[in-house]
Amino acid sequence: MCSRVWFVTDRRISQEYPQVQIHRALTERCADEDVEFRSLLMDQIVLTISEGQLGLRVEQELVTSYPQVVVVRAPTPWVQSDSDITVLRHLEKMGCRLINRPQAILNCVNKFWTFQELAGHGVPLPDTFSYGGHDNFRKMIDEAEPLGYPVVVKNARGHRGKAVFLARDKHHLTDLCHLIRHDTPYLFQEYVKESHGRDVRVVLVGGRVIGSMLRCSTDGRMQSNCSLGGVGMMCPLSEQGKQLAIEVSNILGMDVCGIDLLQLNNGSFLVCEANANVGFIAFDQACGMDVAGIVADYALSMLPSRLTRKMSLLSVVSSTSETSSEPEVCPVPTGGGSLPEAVCNMSVGSTSSESDPELAEPSQSSPCQSTAPALSDLPDPAYNFNTLLANEMKLLTECPLRGRPNLNRKQGENQLFILACCHVITATPLGRSRCFKPL
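Residues numbered from 1 in each chain as written. Predicted model: local features only at pLDDT ≥ 70, side-chain atom pairs only at ≥ 80, totals over all residues. Heavy atoms only, no water.

(A) Structural context of the side chain of Ser 14. Mapping Ser 14 onto the fold places it in the loop between strand S1 (4-9) and helix H1 (17-32). A polar side-chain atom of Ser 14 sits 3.1 Å from the main-chain carbonyl oxygen of Arg 11. Those residues in contact with Ser 14, other than ones at most four positions away along the chain, are Thr 9, Gln 19, Val 20 and Leu 41. (Helix = DSSP H or I, 4+ residues; strand = E, 2+ residues; numbered from the N terminus. Polar contact = N/O pair within 3.5 Å; in protein donor to acceptor, adjacent residues only side chain to side chain. Contact = heavy atoms within 4.5 Å.)

This is how it looks when you write it as structure tokens:
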């Protein structure tokens, strides 16, 4: 049976960076692996039910060879259940494996729907209120008082940080009521002061964390979205943060997603949002990654022929392990010595972060080759940042002696700004991590 992969997206976003890159990666991978590939726009597909059987037509021609895997990029703010989701449901009913599935996309179309799915699973969430109908915003001004002020107000279908407000008090909420559009509901959310202007974007593919990026506002606003002028830099995530992102991805049923986390002063996290149609232009730049290539590799791995091959390999490995009578142990050197602790702590089944070179901690670091610090290691808020900034300014002035003769004054100012607003030690204007000498 010939393997087939389709890429289906919306005409309105087909020329944006993520879709262009995924199309490029799928074209290359399918050509290399001898897999038949086809790219279609959502409005090119005609759904049919003939003689009781589901079918498809494209450009007035009957489709006779269906894909086993379909990579979907649907603009979640505009997804319509009676059109876009209907197409995806049709493909799924025909036996296609969709990445992401229709229900996973619906779980993220509305921000409150996302929280409804996560509630009851022990996932840490900021307290959030919403309402039914389109004209009840004014009623919520009183109903949301238990959340306190300031309070975050979000359009339930907003995206890229748009239609998000921080209401100072009840009078401010009343003013907002006259300014906003009421075609979709809004949600009212507890304000997390310690995470103002910064969050952590975690990208997952196939239930595995492939990278994390710290995003910071540059103009004092609450939103840190790079599309609004925020800057991002690669930042390793604590194991707690990784497991939380994986749990959210699994609950929502997503194959490819972005999870936004808010960090509290004690190092713990709250889930802010989940994105089924995650953008990754800033993420690619900050982390030096090719997310589209990883998505394409995952899509091909879901082909039935590949899954069968994986099951066969797992069966062989399982049989081999069952016939082995001697468990593997950490050998002890002769002469009464002991192995280094790092060797004795190694295990065959490493976590995704341990096996991922982008997320692994370096064993050695030179003055100008290091990754950013783990978020769990961020300084206490009571730390004297005036002293820290003064030391950093001294280091920046010494940069020509440290092999950075091209660092100009503006770049230095940008680095200090990010340092001050993010409470981290490594940052650059373009989002690339850079090592400062430990203080």
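What follows continues from the structure just given.
(B) Geometry of the packing of helix H3 (residues 102-109) against helix H4 (residues 111-118). For the pair H3 and H4, interaxial distance at closest approach is 5 Å and the crossing angle is 115 degrees. Here H4 runs roughly perpendicular to H3, going by the angle between their axes. Within the contact between the two elements, H3 uses Leu 106, Asn 107, Cys 108 and Val 109 and H4 uses Lys 111, Trp 113, Thr 114 and Glu 117. (Axes fitted to C-alpha atoms, helices over the stretch in contact; angles between N-to-C directions. Parallel < 35°, antiparallel > 145°, perpendicular 65-115°, else oblique.)

(C) Examining helix H9 (residues 291-301) more closely. Burial runs high along H9: nine of the 11 residues are buried. Within the sequence span of H9, burial applies to Val 291, Ala 292, Gly 293, Val 295, Ala 296, Tyr 298, Ala 299, Leu 300 and Ser 301. (Buried < 20%, exposed > 50% of the residue type's maximum accessible area, 1.4 Å probe, protein only.)

(D) Representation of the packing of aromatic side chains. Going through the model one piece at a time under the given rule, you end up with one aromatic pair. A ring pair is formed by Tyr 17 and Phe 280, whose centres lie 5.9 Å apart and whose planes are at 70 degrees; its orientation type is edge-to-face. With a gap of 263 residues between them, Tyr 17 in helix H1 and Phe 280 in the loop between strand S16 (269-275) and helix H8 (281-287) connect regions that are remote in the sequence. Judged by relative accessible area, Tyr 17 falls into the partly exposed class, the value being 29%. (Phe/Tyr/Trp six-rings, centres within 6.5 Å; stacked < 30°, edge-to-face > 60°.)

(E) How the structure looks around the sheet that holds strand S3 (residues 45-50). With antiparallel pairing, three strands are arranged side by side in an open sheet as S3-S4-S5. At either margin of the open sheet sits one strand with a lone partner, and together these are S3 and strand S5 (61-62). With two bridges joining them, strand S4 (residues 53-58) and S5 adopt antiparallel strand pairing. Note on S5: the bridge partner recorded for Val 58 is Glu 61. Sitting on the sheet, helix H2 (residues 84-93) is in contact with S3 and S4, with an inclination near 55 degrees to S3. (Pairing = 2+ DSSP bridges.)

(F) Quick peek at the sheet that holds strand S15 (residues 256-263). Strands sit in the order S14-S13-S12-S15-S16 across an open sheet of five strands; the sheet is antiparallel. Edge positions in the open sheet fall to strand S14 (231-234) and S16, since each of these has one partner strand only. The mean inter-strand angle of the sheet, taken between neighbouring strand axes irrespective of direction, is 30 degrees. Where strand S12 (residues 198-205) meets S15, six bridges bridge the pair, whose relative direction is antiparallel. Counterpart to Val 200 in the pairing with S15 is Leu 261. Packed onto the sheet, helix H7 (residues 239-252) meets S12, strand S13 (208-216), S15 and S16 and runs at close to 40 degrees relative to S16.

(G) Structural view of the pairing of S1. With respect to burial, S1 is a largely interior element, six of its six residues being buried. Both faces of S1 are covered, namely the face carrying Arg 4, Trp 6 and Val 8 and the face carrying Val 5, Phe 7 and Thr 9. The sheet contact formed by S1 and strand S2 (residues 36-41) spans six bridges and is parallel. From the neighbouring strand, Val 8 faces S2, where its bridge partner is Leu 40. Crossover connection from S1 via H1 to parallel S2: handedness right-handed. (Right-handed = clockwise from strand over helix to strand, strands pointing away.)

(H) Structural context of the side chain of Asn 100. With respect to the element layout, Asn 100 can be found in the loop between strand S7 (97-99) and H3. Side-chain polar atoms of Asn 100 contact the backbone oxygen of Val 256, separated by 2.9 Å. In contact with Asn 100, not counting residues within four places along its chain, are Val 72, Ile 105, Met 254, Asp 255, Val 256 and Ala 276.

(I) A look at the environment of Arg 11. Topologically, Arg 11 is positioned in the loop between S1 and H1. Spatially, the C-alpha atom of Arg 11 lies 9.8 Å from that of Pro 75, the residues being 64 residues apart in sequence. When neighbours within four sequence positions are excluded, Arg 11 is seen to be in contact with Leu 41, Asp 43 and Gln 44.

(J) Region of interest: unusual backbone geometry. In this structure, the amide linkage connecting Ile 99 to the following residue, Asn 100, adopts the cis form with an omega of 5 degrees. Between Tyr 149 and Pro 150 the backbone carries a cis peptide bond, its omega angle lying at -5 degrees. For Pro 150, the location among the structural elements is in the loop between helix H5 (137-143) and strand S9 (151-155). The backbone phi angle of Glu 59 is positive, close to 55 degrees, even though this residue is not glycine. For Glu 59, the location among the structural elements is in the loop between S4 and S5. For Glu 59, a relative accessible area of 57% gives the class exposed.

(K) Looking closely at H2. All of the buried residues in H2 are Asp 84, Ile 85, Val 87, Leu 88, His 90 and Leu 91. Where the residues of H2 are buried, they touch S1, S3, S4, strand S6 (69-73), S7 and H3. At the C-terminal side of H2, Gly 95 shows a positive phi close to 100 degrees.

The analysis is restricted to geometry; functional conclusions fall outside its scope.
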